[in-house]
Amino acid sequence: QKMYLIEAIESVLDQTLPPYQIIIVDDYSTDGSRDVIAGYASCYPKTITPIYHTQNLGVTRSRIDALQAVKGDHV
């Protein structure tokens, strides 16, 4: 799903109102998504918060990890 990830990130970055924070959880993907995330995180270090799982933990754990990384008042 790497191509969808690129499209989603670009869509958020292209919004009129810039995002305060983008949290991306990689749940141990094997399609190169981790490299895409790392590339964007290095270009936007103050905006993109990457979270990399070292094994597949599922949707629930990914959501919990993302919510714990929130810095703002709104999600």
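Residues numbered from 1 in each chain as written. Predicted model: local features only at pLDDT ≥ 70, side-chain atom pairs only at ≥ 80, totals over all residues. Heavy atoms only, no water.

Q: Hey, could you run me through the pattern of salt bridges in this one?
A: Side chains carrying opposite charge are able to pair once their charged atoms draw close together. Counting across every chain of the model gives 2 salt bridges. Note that R34 and D26 form a salt bridge whose closest N and O atoms lie 3.3 Å from each other. Using a relative accessible area of 3% as the deciding quantity, one classes D26 as buried. One salt bridge connects D65 with R61, and the closest N-O pair in it is separated by 2.7 Å. (Salt bridge = Lys/Arg side-chain N within 4 Å of Asp/Glu carboxyl O. Buried < 20%, exposed > 50% of the residue type's maximum accessible area, 1.4 Å probe, protein only.)

Q: Sorry, what's going on with unusual backbone geometry here?
A: You will see that Y28, though not glycine, has its phi angle at about 60 degrees, which is positive. The topology assignment puts Y28 in the loop between strand 1 (22-26) and helix 2 (33-43). Assessed through its relative accessible area of 45%, Y28 is described here as partly exposed. (Helix = DSSP H or I, 4+ residues; strand = E, 2+ residues; numbered from the N terminus.)

Q: For this particular structure, what's the right way to read the packing of helix 1 (residues 2-13) against helix 2?
A: Where helix 1 contacts helix 2, the two axes come as close as 9 Å, and the packing angle between them is 20 degrees. Between helix 1 and helix 2, the angle is such that the two are roughly parallel. The chirality of how helix 1 crosses helix 2 is right-handed. Facing K2, L5, I6, I9, E10 and L13 of helix 1, the residues of helix 2 in contact are S33, V36, I37 and Y40. The class makeup of the residues in the contact of helix 1 with helix 2 is 7 nonpolar, 1 polar and 2 charged. (Axes fitted to C-alpha atoms, helices over the stretch in contact; angles between N-to-C directions. Parallel < 35°, antiparallel > 145°, perpendicular 65-115°, else oblique. Left-handed = near helix turned anticlockwise from the far one by under 90°. Contact = heavy atoms within 4.5 Å. Nonpolar A, V, L, I, M, F, W, Y, C, P; charged D, E, K, R; others polar.)

Q: Teacher, can you tell me more about the pairing of strand 1 here?
A: The side chains of a regular strand alternate between both faces of the sheet. Here strand 1 shows one buried face, formed by I22, I24 and D26, and one open face, formed by I23 and V25. Bridge count between strand 1 and strand 2 (residues 48-52): 5 bridges; the pairing is parallel. Paired with I24 across the two strands is P50, which belongs to strand 2. Taking the sense of rotation as the criterion, the β-α-β connection linking strand 1, helix 2 and strand 2 turns out right-handed. (Pairing = 2+ DSSP bridges. Right-handed = clockwise from strand over helix to strand, strands pointing away.)

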